[in-house]
Amino acid sequence: MIDAIADAFRFQSDACGRLGSPLSARLCDTGLADIEAGGPLAGIVSHWDPDLDPKKNVVALRLLGTAHRLVLLGQAPDLARHYPSAGGAPGAGMEADFLALVSERADAFIAGLGEQVQTNEVGRAAVLFPGLSMAAATTGLPVRLLEIGTAAGLNLRLDHFGYDLGGVVLDGSPMLVPEWNGAAPSLVAPDIVERRGCDLEPIDVVTEAGAARAESFVWPDMTERFERMAAAVAVARKVPARLDAVPAGEWLDELFTPADGALTVLQHSVMWQYLPDPDKAAIEALVDERGARSTVSAPLAQLAFEPRFREDGSWTFELTLRMWPGGRRRRLATAHPHGAWVRWRE
Ligand SMILES: C[S@@+](CC[C@H](N)C(=O)[O-])C[C@H]1O[C@@H](n2cnc3c(N)ncnc32)[C@H](O)[C@@H]1O
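Residues numbered from 1 in each chain as written. Predicted model: local features only at pLDDT ≥ 70, side-chain atom pairs only at ≥ 80, totals over all residues.

## Topic: the overall build of the protein
When helices and strands are counted, the protein shows 12 helices and 12 strands. Since a compact globule built from 346 residues should have a radius of gyration of about 20 Å, the 21 Å found for the protein is in line with a globular shape. Among the 346 residues that make up the protein, the fraction classed as buried is 45%. (Helix = DSSP H or I, 4+ residues; strand = E, 2+ residues; numbered from the N terminus. Rg over C-alpha atoms; globule rule 2.2 N^0.38 Å. Buried ≥ 20, exposed ≤ 12 C-beta atoms within 10 Å, placed from the backbone.)

If you want it as structure tokens, here you go:
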């Protein structure tokens, strides 16, 4: 198992480097060397659940997330000096400060090892919002917004964010300005009358610990992502949304029903891959069954921004919209996984 864990750190270092976080890549390399040398991190990862694939379950990001959370909570001042998210800058001694923290706070790292990474990416709202706007404009009805795999529920408040999508501007905060390709969308702010989300472990960002948890999954040197997450946390503290700790299928069974005078929207992004196959099939059947019950005055929609994996191993992230009555599926856009660019097809 230790070889598989070391391999996962190697893989993660490369991924972090390519995705724009040299700080995370450096700490993955530190972790790898420490594990291979039998240092403090080797002791921590000896607690890894052997039934979990360390690469798929992102062991390195669980531990880096733990360190970042301690920094954000003010419990790791030495390491904080190196973290831009805490006003610092990566410097000499970062590796030693990281390993010292691992030794001092072994309890926190062992706990973090057992927790999922739950990146709630606000940039995805730049992809979801034009789709939601289009669905709402089609019906002219107020919206019941239901999100599965909602994490901290930040994107349940997407109508409060600001957008510049191909030159079409709506004011708000955080301001999302993706590189836009294709025709400019027509943006109409939907009237959202109900906001609810579910997650296996919802994060309550109203608390300091919850906000630190949500923020800890954003890599510390990706300042722009970090700032928009902090702005979205501020929005979430003002705009209430109910989050339930219930698995997606069970939750939809109760809530995804046509409601007279409203468009009921099931929204999800980057969560479908985590569902076991039987759950996916059950949710698909439920959605079709509820769709068949919808009417023009009680319509339903499913707005999904999820990766589409191809047989040759390649993938793209696609925004799709299905609307009932009828159930027609439209592919609205392809986009960067964090919403850095959008290729709008409509
Ligand atoms: C990568 S995060 C994405 C969060 C958010 N949708 C976004 O795009 O920013 C995936 C989330 O799905 C949740 N999740 C995984 N399986 C789930 C299930 N069966 N029911 C509800 N949520 C689930 C995880 O806990 C995690 O918070």
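## Focus: the nonpolar core
Within the largest apolar cluster, 97 residues are counted, with the highest numbers of intra-cluster contacts made by Ala67, Ala135 and Val265. Built from parts of two domains, this core gets at least three residues from each of domain 1 (2-113) and domain 2 (122-344). Here alanine 67 is in contact with Ala76, Leu79, Phe98 and Leu101, once residues within four sequence places are set aside. (Core = buried A, V, L, I, M, F, W, Y, C linked by C-beta atoms within 7 Å. Domains from an automatic or database assignment. Contact = placed C-beta atoms within 7 Å.)

## So, the environment of phenylalanine 305
Tracing the backbone through its elements, the reader meets phenylalanine 305 in strand β9 (residues 300-309). Sequence separation between phenylalanine 305 and glutamate 318 is 13 residues; the distance between their C-alpha atoms is 5.5 Å. Ignoring any residue separated from it by four or fewer positions in sequence, one finds phenylalanine 305 in contact with Arg124, Val127, Leu128, Ser269, Phe317 and Leu319.

## Re the sheet that holds strand β2 (residues 162-165)
With mixed pairing, 3 strands are arranged side by side in an open sheet as β3-β2-β4. Strands at the two margins of the open sheet, each flanked by one partner only, are β3 (168-170) and β4 (175-176). In this sheet, β3 lies alongside β2 in antiparallel orientation, the contact comprising 3 bridges. Paired with leucine 165 across the two strands is valine 168, which belongs to β3. (Pairing = 2+ DSSP bridges.)

## Section: the pairing of β9
With 6 bridges connecting them, strand β8 (residues 263-269) and β9 associate as parallel partners. Paired with glutamine 267 across the bridge in β9 is leucine 303. For the segment spanning β8, helix α12 (residues 277-293) and β9, crossover handedness is right-handed. Pairing of β9 with strand β10 (residues 315-324), which is carried by 10 bridges, proceeds in the antiparallel orientation. Bridging across to β10, phenylalanine 309 finds its partner in tryptophan 315. The antiparallel hairpin formed by β9 and β10 contains 5 residues in its connecting segment, where glycine 313 sits at a positive phi of about 90 degrees. (Right-handed = clockwise from strand over helix to strand, strands pointing away.)

## With respect to the pairing of strand β6 (residues 192-198)
Judged from the 6 bridges that link them, strand β1 (residues 143-148) and β6 form a sheet pairing that is parallel. Pairing of leucine 145 across the sheet is with arginine 195, part of β6. Of the strand pairs in this sheet, β6 and strand β7 (residues 242-244) are connected by 3 bridges, and their pairing is parallel. Paired with cysteine 198 across the two strands is aspartate 244, which belongs to β7.

## Quick word on helix α11 (residues 248-255)
Residue pairs three or four apart in sequence face the same way in an α-helix, which turns once every 3.6 residues. Inspection of α11 places Ala248, Trp251 and Leu252 among the buried residues, and these make up the whole buried set. One side of α11 holds all its buried residues, which, seen down the axis, span an arc of 95 degrees. On the buried face of α11, the contacting elements are β1, β6, β7, β8 and α12. (Arc of directions from axis to C-beta.)

## Quick word on the site of the ligand
What surrounds the ligand is a group of 22 residues, the closest being Gln118, Gly149, Ala151, Ala248 and Ser269. In the shell around the ligand, the residues fall into 10 nonpolar, 8 polar and 4 charged. (Near = placed C-beta within 6 Å. Nonpolar A, V, L, I, M, F, W, Y, C, P; charged D, E, K, R; others polar.)

## A word on the sheet that holds β10
Adjacent strands of a sheet form backbone hydrogen bonds with each other and so pair up, either parallel or antiparallel. An order of β5-β12-β11-β10-β9-β8-β1-β6-β7 is seen for the 9 strands of this open sheet, with the pairing classed as mixed. Among the strands making up the open sheet, the edge pair consists of β5 (179-181) and β7. Between one strand axis and the next, the sheet turns through 20 degrees on average, direction left out of account. On the sheet, α11 packs against β1, β6, β7 and β8 and is oriented at approximately 165 degrees with respect to β1. (Axes fitted to C-alpha atoms, helices over the stretch in contact; angles between N-to-C directions.)

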